[in-house]
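Architecture and fold: a report
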Amino acid sequence: MKEQLLEVVVKEMQQGVVIINDKGLILYANPFFQETFAVNLPLKGINFTEVVEDALLLNTVETVLSSETGQSKEITIKGKGNQILEARLIPFSQNGLNGVIGFFHDVTEEKRVEAIKRDFVANVSHELRTPLASIKGYAETLLDGGLEDKGVLKNFLTIIDRHANRMTALIEDLLTLSMLESHQIPMKFEPLDIRVLITNVIQGFEKQAKDKGIELIIESGETYRELPKVMGDRVRLEQVIVNLIDNAIKYTNKGAVRISVRILDNLMQVDVTDTGIGIPEKDLLRIFERFYRVDKGRSRELGGTGLGLAIVKHIIHGHSGKIRVNSNPGEGTTFSFTLPIN
Ligand SMILES: Nc1ncnc2c1ncn2[C@@H]1O[C@H](COP(=O)(O)OP(=O)(O)OP(=O)(O)O)[C@@H](O)[C@H]1O
Ligand SMILES: [Mg+2]
């Protein structure tokens, strides 16, 4: 009874288990082990070397089998599907039967999350260090005797102020993103007139567009006048439109930025189209990732850290909407998002 129960436990384990005797023959392998090493033949009685090719694993099994001290070993290997596995190999000796029991634990997801965290910390530190280094450099120069010249003083303080603003914006974006990701700030839904929202946002960009000689156009049409309201969080949706228009102007040198709204069945779709530099196809899938920029140098020059679109995506998903992008390098880009109506 007890043995049957134990067998069920081992069979159902979300961890690979294999028992190998001292001749290298498999005495038992559970289904998880079979799946991990992608074998579909019955494994009992087969030599372990016929199932697994990984040299490190084979060597370790060998070492554990032949060691006098009876020590277990831990290694990290790859499965057949490129999963990352932590393997623990334990020697056993019972009723004259010697061998090794192997446990295989899939840590792919853990490693992936670890890598994301590591990248994130590296990115944040880097993005904060750059403006901080400038602030320190200019402050030191002033303290070293640059205080007398009023012109230099004003110039340097302006630069310091600009870098401090940049750091503030970065920290604000990081906090927003982190709160959106952990759902700490609930969306405050209310019926909204998206046209009013867009018009308000556009006003704030008129000067920036004019300075670059770019036309800012809201497309109107018959349907535009009859737009139904959408349920949305005013502040967050404003943030979405600000980010998309900011990008459109930032990455466009001449031409126009056009915003249009239309109704498709039970969805409202907003398109922000520019005639700018465009985005190469290989980058399209990644631009919604935190800190991802097509051209790091140029984006940084333009004051970007690559958080805008990550925030946009989170907000749109929080509204049960979708966002996508279409682009022709050299011709322009369209970001489109949808929001459910009713
Ligand atoms: N309209 C656009 N045209 C061309 N490239 C774009 C456009 N919008 C975004 N991109 C590319 O996608 C990248 C990511 O955009 P995102 O808004 O997330 O970051 P950013 O604008 O660089 O910085 P931030 O928005 O944090 O200030 C940009 O760096 C840019 O390379
Ligand atoms: Mg941006």
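The structure reproduced in this document is the subject of the present report. The structure presented is a predicted model; accordingly, all values stated were derived computationally and were not measured.

**Considering helix α9 (residues 234-250)**
What sets the pattern is the α-helix's 3.6 residues per turn: residues three or four places apart point alike. Between the first and last C-alpha of α9 there are 24 Å, a value that for 17 residues agrees with the 24 Å anticipated at 1.5 Å per step. Within α9, 12 of the 17 residues are buried, which leaves the element mostly enclosed by the surrounding structure. The N-capping residue of α9, defined by a side-chain oxygen 3.1 Å from the backbone nitrogen of Val235, is Asp233.

**So, the packing of aromatic side chains**
This structure, assessed with the given rule, holds seven aromatic pairs. When the centroid spacing of 4.9 Å and the interplanar angle of 75° are considered together, the rings of Tyr138 and Phe156 count as edge-to-face. Residue Tyr138 is located in helix α5 (residues 108-146), and its partner Phe156 is located in helix α6 (residues 150-181); the two are separated by 18 residues in the primary sequence. Ring pairing ties together the aromatic residues Phe33, Phe37, Phe48 and Phe104, which thus form one cluster.

**Details of the layout of surface pockets**
Once rolled over the atoms, a probe with the size of a water molecule shows which space is left empty. Volume-wise, the largest pocket comes out at about 880 Å³. Lining the largest pocket are 40 residues, with Asp246, Asn247, Lys250, Tyr251 and Gly304 positioned closest to its centre. Those elements that provide at least two residues to the lining of the largest pocket are α6, α7 (194-212), α9, α11 (296-301), α12 (308-318) and β12 (332-340). Examining the composition of the lining of the largest pocket, we find that seven residues originate from one element, α9, more than from any other. A per-class count over the lining of the largest pocket returns 17 nonpolar, 14 polar and nine charged. Quantified by volume, the second largest pocket comes out at close to 380 Å³. Together, 16 residues line the second largest pocket, and Ile116, Asn123, Glu289, Arg290 and Phe291 are the ones closest to its centre. Put simply, the parts of the chain that give the lining of the second largest pocket at least two residues each are α5 and α12. Among the residues forming the lining of the second largest pocket, the class breakdown is seven nonpolar, two polar and seven charged. Per-domain counts for the lining of the second largest pocket show at least three residues from each of domain 2 (109-185) and domain 3 (186-342).

Scoring rules and cut-offs
Residues numbered from 1 in each chain as written. Chains lettered and ligands numbered in written order. Predicted model: local features only at pLDDT ≥ 70, side-chain atom pairs only at ≥ 80, totals over all residues. Heavy atoms only, no water. Helix = DSSP H or I, 4+ residues; strand = E, 2+ residues; numbered from the N terminus. Expected span 1.5 Å × (residues − 1). Buried < 20%, exposed > 50% of the residue type's maximum accessible area, 1.4 Å probe, protein only. Polar contact = N/O pair within 3.5 Å; in protein donor to acceptor, adjacent residues only side chain to side chain. Phe/Tyr/Trp six-rings, centres within 6.5 Å; stacked < 30°, edge-to-face > 60°. 1 Å grid on protein atoms, 1.4 Å probe; cavity = no way out; pocket = protein on both sides within 12 Å on 5 of 7 lines; lining within 4 Å. Points joined across faces, edges and corners; volume = space filled by probe spheres on them. Nonpolar A, V, L, I, M, F, W, Y, C, P; charged D, E, K, R; others polar. Domains from an automatic or database assignment.

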